[in-house]
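For reference, the chains in residue letters:
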Amino acid sequence: MDSTHNPEFTTLEFYAAYMDFQGLMSLAARLLRAAAITAAPDLKVPCQMRVAGGEKRQIVIDFKSR
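Here we summarise the structure given alongside this text. Just so you know, these numbers come straight off a predicted model, no measurement behind them.

### Some remarks on the overall build of the protein chain
- When its secondary structure is counted, the protein chain shows 1 helix and 2 strands.
- The N-to-C order of helical and strand elements in the protein chain reads α-β-β.
- Split into buried and exposed, the 66 residues of the protein chain put 5% on the buried side.
- In the protein chain, the share of contacts with a sequence separation of at least 24, taken over all contacts with a separation of at least 6, comes to 0%.

Laid out in structure tokens, this is it:
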């Protein structure tokens, strides 16, 4: 993935046989955390937003605090 990919159309999918919903939720949480740490080891992701008037503003989302 690079900056030309639209994140709205980026997916992560997995399958697991014979797991109940709690096992699937736990596995999903571990997979998402591993993906996030791989993408941004400090769990801080820069993001560009548009505010009123079309102005662009750079922010940083800190996933450690969530």
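That shown, we press on.
### Describing unusual backbone geometry
- Positive phi, normally seen in glycine, also occurs at Tyr18, with a value near 60 degrees.
- Note that Tyr18 resides in the segment before helix H1 (21-39).

### Quick notes on the pairing of strand S1 (residues 44-50)
- Bridge count for S1 against strand S2 (residues 56-62) is 7 bridges, and the pairing is antiparallel. Bridged to Gln48 within S2 is Gln58.

### Points about the environment of Cys47
- Note that Cys47 resides in strand S1.
- For the pair Cys47 and Ile59, spaced 12 residues apart in sequence, the C-alpha to C-alpha distance is 5.3 Å.
- Not counting residues within four places of it along the chain, the set of residues in contact with Cys47 comprises Arg57, Gln58, Ile59 and Ile61.

Rules behind the numbers
- Residues numbered from 1 in each chain as written.
- Predicted model: local features only at pLDDT ≥ 70, side-chain atom pairs only at ≥ 80, totals over all residues.
- Heavy atoms only, no water.
- Helix = DSSP H or I, 4+ residues; strand = E, 2+ residues; numbered from the N terminus.
- Buried < 20%, exposed > 50% of the residue type's maximum accessible area, 1.4 Å probe, protein only.
- Contact = heavy atoms within 4.5 Å.
- Pairing = 2+ DSSP bridges.

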